[in-house]
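A structural walkthrough
Chain by chain, the residues:
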Amino acid sequence: MAIRLEPRSEVAQGMIYGSPLVAVAATLVSGLVLFAILGVSPLDALFTFFISPVSSLDGWTELFVKATPLVLIAVGLSFGFQANVWNIGAEGQLTIGALAGGGLALLFFEAESVLLLPAMMIAGILGGMAWAAIPALLKTRYNTNEILTSLMLVYVGLLVLSWLIHGPWKSPDGMNFPESRLFHDQATLPVFVSETRLHIGWLIALAVVLTGWIVMARHIIGFQVKVIGMAPMAARFAGFNENKIIWTALMISGGLAGLAGMIEVSGPIGKIQPMISPGYGFTAIIVAFLGRLHPVGVLFAGMLMALTYLGGDAAQIELNLPNAVTGVFQGMLLFYLLASDVLVKYRIRLAPSAPIISKTGPSK
Amino acid sequence: MIPDWLTPAIMTIVTASTPLVFAAVGEIMVEKSGVLNLGVEGMMIMGAVAAFAIGVTTGSATLAILFGALAGLLLALIFGLLTLNLRANQVATGLALTLFGLGLSALIGHAFVGETFPGLPKLDIPIISEFPIIGPLVFGQDFLVYMSVASVIFAGWFLNRTRWGLVLRAVGENHDAAHAIGHPVNFVRMMAVLFGGSMAGLGGAYLSLAYTPLWVENMTAGRGWIALALVVFASWRPGRAIFGAYLFGGITILQLHVQGFGVAIAPQLMSMLPYLATIVVLVLISHDVNRFKLSAPASLGKTFHPSQ
Amino acid sequence: MIEPRLELTAITKQYPGVLANNNVNLKIMPGEIHALLGENGAGKSTLVKFIYGVQKADSGQMRWEGKDQEVSSPNVARKLGIGMVFQHFSLFDAMTVEENIAVGILPELAKGDLAHRITEISRQYGLPLDPKRYVHTLSVGERQRIEVVRCLLQSPRLLIMDEPTSVLTPQEVRELFKTLRSLSEEGVSILYISHKLQEIIDLCHNATIMRMGEVVATCKPENETPRSMAEMMMGANLIAPERPDRRTPGPVRLTVNNLSVVSSNQHGVDLKDMNFDIHAGEVLGVAGIAGNGQRELMDALSGEVPVDAEACVIIDNHKVGRSGPADRRNAGMGFVPEERLGHGAVPEMSLWENAFLSGAQSMSLLDKGFIRNRESADYARNIVREFNVKTPGVENAANSLSGGNLQKFIFGREILQGPGVIVVLQPTWGVDAGSAAAIRQALIDLAGTGAAVLVISQDLEELFEVSDRIAVICEGVISSPRAVSDITVDEIGLLMAGISEPSSSAREATDGH
């Protein structure tokens, strides 16, 4: 017997949405095995990891808080990935966005203006864009691979953060901890479900999903992005400007990552600290793929990924498991997704290994 | 007179460069076969954690090294199955490999944080190894350093002097033609991918066994990505890759020493140097589109669909 | 009794949705030059790939020199003595001639002084080659020699040649035929795949004709005419396109002035000082061997590679040399590139999205940056109806269409935008005869409405059918266009080879045309 991949004449529409479900199921099954290896009761662990975090209203609000940056970044990345622009430096853009937005909060520390928050948002977006502009410039001007440059800039961005909070921005009244002063209320995102941490950033993320959906489905920018990703020659034929699309994709993804960074520091964190993001910029890559590079898919994928963060925390507290389990789950999920994606384009056939020539072939 | 600090400084450059040599040479082989595996970072960190865990538990450096290579190879196997057999997107799968490797290594390494490993034994030839600079540099290294140099020579010889090397280049240059001529494209690629994985694993093993020697989460700190950049820098030639690796190793050590000399620059800014240097080098290498295209394997990153 | 060298019985191969080979039989004797004739998609390639071990058949039997034989891989085929020259060369640009040959022959043969043996063989058969040259520096004709020498080094007893002459000048073809005939005299069998009828009559002893995966006829080409064989191949009487009487040409619509382009591609061809113009109502054909600057000319005219000076390309008095494709479309140009899937159309996108691709501006399918879905779909349905495109609907993806249907769709898309100037490259490459005829007719009709039409093609018969004037492109230089009535195939052949002064000695060469 051999497994054969038989190309489908048409892409299987059902499988486009089915394969993430297959991947999630496979991840859960592997999770059972993983927990057994780690020496905890698999079913209990799965419950702790995936159910208990969302068994209360509080849990759901926390889920949305965690999903906010993931969804924001992943919507942006989806644009890029569809155009074959591989911005994998969102973590760096997030960091610089947080610094730009947060920097404004520190600069106008005593300001009592309603304009401060919007200004911080714009600064965050611009910061992320500026950081993404470097790979965009290098790619369009010097043909330099954006994967490597955007990633290198993550490390540089994190070092900028570290430098600022160890030096110029260190809180004067923080007992020498490497972090900034706590932002004032004017610089903090309002919470819209009282008694929780759920801030308006989540609403912004939802608005971005909706906008992204419309642009992707109906606007010429979405069309150009898709064409250049699927058939770059056809994009040239149609007269689309490739460099412009590369810039657009990087500006959208960089800007949204920067916004996510600003929302993190001005929302749940409230200050600038050494670790702003537990790898949201990288996890968002998985979110984008899991969401089929579609804004609405990204919304659900972002919530699922947020759950793995909450689950990791819960497993750490209740089961004493290292919260690195989260990373393993995320990686596995992406593997299974890529593997099950084969179902979209191919039919899998179990076939006896075909003889080269059947000697009993029809005789004339 | 030779200042006292010079010899140890040069020795640390060797230590800092060796992981890059392994990873870059492995990836050159992979890319020469037409496969772009962006998971070097993930394979390296898995090599690092596996080697360290085995080293600490068994006390055997040999076993540690073997398991480091094996861990990289297993991760590469996943990559190979996904991209070659299931024809998944190479970029996405490579990223997945890195994310997965970082997560799994943290999980495995959790129990080993704070442990130490005595390091790798160094060659010690009486008298000769005591020669200033040259002595320790050439005759006073550990086994893996010699192996990294040997791997460069091996890769150069294999690619340019052997039939299988010729076939591997052909597969990376034009997989359809290689298939039409009758070469087993996916088999060749899988072998290259597995080789690349074990080399990245060795690079990681060297980090945790000799460079630090400690286990720290995320300890590869982008070295896998720098190795990928080195492949481009080296125009896919092993000889140039070792040169590039030592250049980067040098920059890394240089910035540490500059900090040591009390230069009034924030350490964070100095630490940016290797990453910024990588970007600069990439720009310099790739800005000439034609030269770049000619040296890059023409089928790099393209999925091979055997015609029906 | 002499055993046949190769005998195939009842070969059948099913692809998803296509029966590529249905019960195919084939017999080749030692020293025989046997033609395998059929349109694109008739199943020739499938059959040949089976013989050479690249692909497996579902059923059927192969006998080699009297014995049942399984060919599981090209290596087995080579060991048996089967050599193959592919239509799409199996060559590696970044490697030398010697390396290219070494990688494609049995390891035992590649040992020792290969370079020396290459030089010897190439001298013996009149195929000059330098083993140390890099392939990307060679011309197409030289590249083919590598393939041939690669086969000859293995002393083949059956040589398969897949469309070998599509890249050669008529003169080079004659040289190749000499080589093939002398091989045949040495007892080598040759399976010669082509759809060029005159060549088969000139060269081959026997012919097997395939259509839709089946053998429909066998014949002795010397007893046939191109027409009779074409009818066997297509299964219908040929219809030559209808052409209105020669019109008096209208005003100039497209002018190309001193067009020079340095190719940005290492393997590309530079365009050198091109000058020509096309009048309203006129079809200008550009002949030439592949790789002589056709793509570069197409790119320069479509604006995908804008040129340095605005005045190099003028459409209806608009200077557009530095403009990109979108501006040139707005100025009234339409284009059909060579590659359907991936260049002229996005394979995974629906037909209506592909209609939108080039029609967005001129058909006003865009409203403040948003796509007008309904109007785009209407436009696509219009194309499907008027150009007889066979498809279940405009929601279907472009790659679900057959080559001919997709090409008709792409032509329809461009023509319905009412271009004043249309430039097409290889309009009927890999298209079935029916669609090809429809496309040629559409081009002539478009010219009839007053458009200027430029057809760049390697198919001389096609150019003679549709063109009013013909020019030849060779190494990036274009000859001055001449009316079809006063240029001969032979003269074109010499121009294609880069010989600008026709000599009388070459006159008789292509008489049969």
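As the structure is a prediction and not an experimental result, all values here were calculated from the model. (Residues numbered from 1 in each chain as written. Chains lettered and ligands numbered in written order. Predicted model: local features only at pLDDT ≥ 70, side-chain atom pairs only at ≥ 80, totals over all residues.)

Helix and strand counts for chain B stand at 14 helices and 0 strands. Moving toward the C terminus, one meets the helices and strands of chain B in the order α-α-α-α-α-α-α-α-α-α-α-α-α-α. Over its C-alpha trace chain B gives a radius of gyration of 19 Å, about what one expects of a compact globule, namely 19 Å for 308 residues. For chain B, the residues scored as buried account for 56% of the 308 residues in total. Nonlocal contacts in chain B, meaning residues at least 24 apart in sequence, comprise 78% of its contacts between residues at least 6 apart. (Helix = DSSP H or I, 4+ residues; strand = E, 2+ residues; numbered from the N terminus. Rg over C-alpha atoms; globule rule 2.2 N^0.38 Å. Buried ≥ 20, exposed ≤ 12 C-beta atoms within 10 Å, placed from the backbone. Contact = placed C-beta atoms within 7 Å.)

In terms of helices and strands, chain A carries 14 helices and 2 strands. For 364 residues, the compact-globule formula gives about 21 Å, and the C-alpha radius of gyration of chain A, at 23 Å, lands near that figure. The principal-axis extents of the C-alpha atoms in chain A amount to approximately 95 × 60 × 35 Å. Here chain A, with 364 residues, has 55% of them falling under the buried criterion. In chain A, the share of contacts with a sequence separation of at least 24, taken over all contacts with a separation of at least 6, comes to 77%.

Turning our attention to the nonpolar core. Counting residues in each nonpolar core, the largest one holds 384 residues, and the members touching the most others are Ile73(A), Ala24(B), Leu230(B) and Ala241(B). In terms of residue count, helix H9 (residues 185-211) of chain B provides more of this core than any other element does, 16 residues in total. Residues in contact with Leu230(B), not counting those within four places in the same chain, are Leu20(B), Ala24(B), Ala241(B), Gly244(B), Ala245(B) and Phe248(B). (Core = buried A, V, L, I, M, F, W, Y, C linked by C-beta atoms within 7 Å.)

Turning to the interface of chain B and chain A, a few remarks are in order. At the junction of the two partners, chain B supplies 39 residues and chain A supplies 36 residues. Those elements that provide at least two residues to the side of chain B that touches chain A are helix H3 (61-85), helix H4 (90-109), helix H10 (223-233), helix H12 (267-271), helix H13 (273-286) and helix H14 (289-295) of chain B. With 12 residues, H4(B) is the largest single contributor of residues to the side of chain B that touches chain A. Residue classes in the side of chain B that touches chain A are distributed as 28 nonpolar, 10 polar and 1 charged. (Nonpolar A, V, L, I, M, F, W, Y, C, P; charged D, E, K, R; others polar.)

Time to look at the sheet that holds strand E3 (residues 33-37) of chain C. Residues and elements named next belong to chain C. The 6 strands lie next to each other as E6-E7-E8-E3-E9-E10, forming an open sheet whose pairing is mixed. Bordering the open sheet on either side are strand E6 (82-85) and strand E10 (214-219), each of which pairs with just one other strand. Each adjacent strand pair in this sheet contributes to an overall mean axis angle of 20°, direction not counted. Looking at chain direction, E3 and strand E9 (residues 206-211) are connected through 4 bridges and run parallel. The residue bridging Ala 35 from the neighbouring strand is Ala 207, located in E9. Those strands touched by helix H1 (residues 44-51) are E3, E6, strand E7 (158-162), strand E8 (189-194) and E9, and its axis lies near 150° from that of E7. Of the strands in this sheet, E6 and E7 are in contact with helix H6 (residues 140-152), which crosses E6 at around 180°. (Pairing = 2+ DSSP bridges. Axes fitted to C-alpha atoms, helices over the stretch in contact; angles between N-to-C directions.)

Glancing now at the environment of Glu199(C). With respect to the helices and strands, the residue Glu199(C) is situated in helix H8 (residues 197-203). Residues in contact with Glu199(C), not counting those within four places in the same chain, are Thr165(C), Val173(C) and Ser194(C).

Attention now goes to the confidence of the model for chain A. Residues at a pLDDT of 70 or more form 93% of chain A, whose mean pLDDT is 88. In this model, residues 352-364 of chain A is a region of pLDDT below 50 whose contacts with residues beyond four sequence positions or in other chains number 22 contacts. (pLDDT = per-residue confidence, 0-100.)

Here we come to the pairing of E9(C). Residues and elements named next belong to chain C. Two strands pair when backbone bridges link them, and E9 and E10 are joined in this way by 5 bridges, in the antiparallel orientation. Of the residues in E10, the one forming a bridge with Thr 208 is Thr 218. If you look at the hairpin formed by E9 and E10, you'll find 2 residues sitting between the two strands, and Met 212 has a positive phi there, around 50°.

Once that is clear, we can look at the sheet that holds strand E15 (residues 318-319) of chain C. Residue and element names in this part refer to chain C. One open sheet accounts for 4 strands, arranged E12-E11-E14-E15; its pairing is antiparallel. If you trace the sheet from one side to the other, it starts and ends with strand E12 (271-279) and E15, each paired once. As paired elements, strand E11 (residues 252-261) and E12 share 6 bridges and run antiparallel to each other. Each residue of the ladder has a partner; that of Thr 255, found in E12, is Asp 277.

Inspection of the secondary structure puts Ser41(A) in the loop between helix H1 (13-37) and helix H2 (42-51). When the C-alpha positions of Ser41(A) and Leu319(A) are compared, they lie 9.6 Å apart, and in sequence the two are 278 residues distant.

Here we come to unusual backbone geometry. In this structure, Asn320(A) takes a positive phi of about 60° despite not being glycine. Mapping Asn320(A) onto the fold places it in the loop between helix H12 (295-319) and helix H13 (325-340). Judged by the 9 C-beta atoms lying within 10 Å of it, Asn320(A) is exposed. Positioned with a positive phi, Asn23(C) is a non-glycine residue whose angle comes to about 55°. Along the chain, the position of Asn23(C) falls in strand E2 (residues 18-28). On the basis of neighbour counts, which here come to 18 C-beta atoms within 10 Å, the residue Asn23(C) falls in the partly exposed class.

Residue and element names in this part refer to chain A. Direction vectors running N to C along helix H3 (residues 57-82) and helix H10 (residues 242-269) enclose 170°, while the axes themselves pass 7 Å from each other. Here H3 is positioned roughly antiparallel relative to H10, judged by the angle of their axes. Facing H3, whose interface residues are Val 65, Thr 68, Pro 69, Leu 72, Ile 73, Val 75, Gly 76, Leu 77, Phe 79 and Gly 80, H10 presents Ala 249, Leu 250, Ile 252, Ser 253, Gly 255, Leu 256, Ala 257, Leu 259, Ala 260, Ile 263, Glu 264 and Pro 268. When grouped by side-chain class, the residues that make up the contact of H3 with H10 number 16 nonpolar, 5 polar and 1 charged. (Parallel < 35°, antiparallel > 145°, perpendicular 65-115°, else oblique.)

With that out of the way, let us pick up helix H11 (residues 280-290) of chain A. Residues and elements named next belong to chain A. Counting buried positions along H11 gives 11 out of 11 residues, so the element sits mostly inside the fold. Every buried residue belonging to H11 is among Tyr 280, Gly 281, Phe 282, Thr 283, Ala 284, Ile 285, Ile 286, Val 287, Ala 288, Phe 289 and Leu 290, and all of these are buried. At the exit of H11 stands Arg 292, carrying a positive phi of roughly 60°.

Residues and elements named next belong to chain B. H4 packs onto H3 with a crossing angle of 155° between their chain directions and a minimal axis gap of 10 Å. The angle between the axes of H3 and H4 places the two elements in the roughly antiparallel class. Pair H3 / H4 crosses with right-handed handedness. Within the contact between the two elements, H3 uses Leu 75, Ile 78, Phe 79, Leu 82 and Thr 83 and H4 uses Gln 90, Thr 93, Gly 94, Leu 97 and Gly 101. Its residues assigned to classes, the contact of H3 with H4 comprises 5 nonpolar, 5 polar and no charged. (Left-handed = near helix turned anticlockwise from the far one by under 90°.)

Turning our eyes to something else, we now look at H13(B). Residues and elements named next belong to chain B. Between its first and last C-alpha atoms H13 spans 20 Å; for 14 residues at 1.5 Å apiece the expected length is 20 Å, and the two agree. Turning to H13, its buried residues are Pro 274, Tyr 275, Thr 278, Ile 279, Val 281, Leu 282, Ile 285 and Ser 286. For H13, the arc enclosing every buried residue in end-on projection is 165°, short of the 170-degree limit, so these residues lie on one face. Facing away from the buried side of H13, by more than 90 degrees, are the exposed residues Val 280 and Leu 284. (Expected span 1.5 Å × (residues − 1). Arc of directions from axis to C-beta.)

The subject of this paragraph is the environment of Met262(A). Relative to the helices and strands, Met262(A) is located in helix H10. Filtering out sequence-adjacent residues up to four positions away, Met262(A) remains in contact with Gly97(A), Ala98(A), Gly101(A), Met120(A), Met121(A) and Gly124(A).

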